[in-house]
Amino acid sequence: MGWYASYIVIYFIFMFAMGIYYFFKVKTYNEYLIGSWSVGFWPIVGTIVSTWCGAAVFIGWVGMGYTVGLSGFFKFALPGIFFSILLIFLFAAPLRRQKLYTLADLFGERFGGKSGIVPSILSAFIYSVPTLALQIVGMSTVFKMALGIEMGTGIFLSFALILAFTILGGLPAAIVTDAIQSFILLAGIVILFIAAVLYGDGFGNIIAKTQAEFLSPVGADGLNEVLLFALSVGPFYLVWQSTWQRIFASESEKVAKKAGITGFAISGAISILPFSIGVIARQFAPADMKPDLLFSYVTVELLPPVVGGLVLVGLLAALMTGADSFILQGSSNLTRDIYYRIINPKATEKQLMTSARWTVVIISVLGLLVAYALTDIVTLYQWALRLSATVMIFPFLAIMFWKRVTKAGVVWSMVLSAAATLAWPFMGISLDHTVFGFLVSIISLIVISLLTKHDQSEQVRAVYWEDLDSANLDMEQTIDDEKSITL
């Protein structure tokens, strides 16, 4: 336990030293929330890898490998990587040109007024809060396994550490520490994979002793189940605000595209390892082992503390970077899309910075409550992905490619598809819930847009080819100049 405690203390000393440094360095809310649109290639690569490799990779995917085998990679990880790279390849350049902050900001800029409320609420509350809760629970699990801290106490300790770091440094501190932590977490997952292979007496012995369905890409449920699961998860990553935030933060369109593709290519290569560790663990883990505890169990069982401590720090790094990213995602939504665009369009720089830090507190506290209150956060997380995808994807694509789309069409499409997705379990229809939600979304979007006219607040442009007014702002303009954006 001494090695574990030493590594953990050193890690948090480093993190808070960086947080304090950026607390005094960051002066504006542009810097705090988006890094002043000036982050370079390697920091973007590092923060993408670190954010991708959060609780889902280190805890969820090891457990999924243990329960369903390698098919989990094809159900969840591979679709996520594919759609993330698709987003970067097709949309990084036109999105970066708009000089925005969030996904909802794109809706607010294109349609004006309150059109960004629905995507903002989805991003801030439906997605950011439960995913933050996952990181908090994951970190408390590390404290329990390594230090013997009871789970309830560990949850609060995790919340306090995450909140304190995030409120200090904002996105600049998160991105810099993410880039450094990416090396730690990469080393950690590779070390654990090698240890698992050695403990299992090599690949040949592992394959011989593992049931075929745990090694199959389609698993026991078959190809149809894998494809349906991939459809319910993968498309969400077209509207995953963590990736959008990295696109907007990049110093140029070229950096946004190259760094994004590089980061997700590395993430895809890493993603097969946790599933493999879970499969290998079937050789020696107790039959009644809870999947969420498997990663920590394997680390403690297979590695001496001097090495296992490094792997646990890699897990802490993954959890910390995921947590601060999700908090800042929600904070950006509340500050930019609700406070600035709707509540106080004439807010001063000081008011915006105050709002940014207070909304960090709000998202963090909600994440803490969810971590304490819910026993099945993973199911909530999957529903958050599904709901965000069915509500947001077709409106986003329409903004990018279809000039005829109207404010009424987008708003009603989001409302109706959200209602359809939430009501699906009670409707008794055989059509897959994600497919049903997508159909409601695209049909209502097209029909209502064709039946309605453009609102006076709209900038009637297909953003893939035609920039919005925000793209013409000088990066050096003051916050007061920014108020000229059409609301």
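Residues numbered from 1 in each chain as written. Predicted model: local features only at pLDDT ≥ 70, side-chain atom pairs only at ≥ 80, totals over all residues. Heavy atoms only, no water.

1. Observations regarding the overall build of the protein
- Looking only at helices and strands, one finds 20 helices and zero strands in the protein.
- Here the protein has a C-alpha radius of gyration of 22 Å; the compact-globule value for 487 residues is 23 Å, and the two agree.
- For the protein, the spread of C-alpha atoms along the three principal axes comes to 70 × 55 × 40 Å.
- Within the protein, the proportion of its 487 residues that are buried is 59%.
- A separation of at least 24 residues holds for 86% of the contacts in the protein among residues at least 6 apart in sequence.
- Within the protein, one finds 28 positive and 29 negative side-chain charges whose respective centroids are separated by 5 Å. (Helix = DSSP H or I, 4+ residues; strand = E, 2+ residues; numbered from the N terminus. Rg over C-alpha atoms; globule rule 2.2 N^0.38 Å. Buried < 20%, exposed > 50% of the residue type's maximum accessible area, 1.4 Å probe, protein only. Contact = heavy atoms within 4.5 Å. Lys, Arg positive; Asp, Glu negative; His and termini not counted. Charge placed at Lys NZ, Arg CZ, Asp CG, Glu CD.)

2. Examining the side chain of Ser-364
- Tracing the backbone shows Ser-364 in helix α16 (residues 349-373).
- By relative accessible area, which is 1% here, Ser-364 ends up buried.
- Ignoring sequence-local partners within four residues, the contact set of Ser-364 consists of Leu-132, Phe-159, Leu-163 and Ile-327.

3. Some points on the packing of aromatic side chains
- Enumeration according to the criterion identifies 30 aromatic pairs in this entry.
- Here the aromatic rings of Trp-61 and Phe-76 are separated by 5.6 Å at their centres, their planes lie at 65°, and the arrangement is edge-to-face. Of this pair, Trp-61 sits in helix α4 (residues 55-68) while Phe-76 is found in helix α5 (residues 71-97), placing the two residues 15 residues apart along the sequence. Here Trp-61 and Phe-76 have matching classes, each one buried.
- Ring centres 6.5 Å apart and planes at 50° place the aromatic pair Phe-76 and Phe-229 in the tilted group. Within this pair, whereas Phe-76 is found in helix α5, its partner Phe-229 is found in helix α11 (residues 223-233), the two being separated by 153 residues in sequence. Grouping residues by exposure puts Phe-76 and Phe-229 together as buried.
- Here the basic side chain of Arg-282 rests over the ring of Tyr-66, its NZ or CZ set 5.5 Å away from the ring centre. (Phe/Tyr/Trp six-rings, centres within 6.5 Å; stacked < 30°, edge-to-face > 60°. Lys NZ or Arg CZ within 6 Å of the ring centre and 35° of its normal.)

4. With respect to helix α14 (residues 294-302)
- Summarising burial for α14: seven of the nine residues are buried, a large majority.
- Taken together, the buried positions of α14 are Leu-294, Phe-295, Ser-296, Tyr-297, Val-298, Thr-299 and Leu-302.

5. Brief notes about the nonpolar core
- With 138 residues, the main nonpolar core has Phe-12, Phe-76, Leu-95, Leu-106, Tyr-237, Leu-294 and Phe-396 as its most contacted residues.
- Of all the elements, helix α8 (residues 151-199) adds the most residues to this core, at 17 residues.
- Beyond its immediate stretch of four places on either side in the chain, Tyr-237 contacts Trp-52, Phe-76, Gly-80, Phe-83, Ser-84, Leu-87, Tyr-381 and Leu-385. (Core = buried A, V, L, I, M, F, W, Y, C linked by side-chain atoms within 4.5 Å.)

6. A closer look at the confidence of the model for the protein
- Here the protein shows a mean pLDDT of 84. Residues at 70 or above account for 92%.
- The secondary structure element of the protein with the lowest average pLDDT is helix α20 (residues 479-482), at 42, and the one with the highest is helix α19 (residues 433-451), at 94.
- This stretch, residues 475-487, has a pLDDT under 50; its non-local contacts, to residues over four places away or in other chains, come to 31 contacts. (pLDDT = per-residue confidence, 0-100.)

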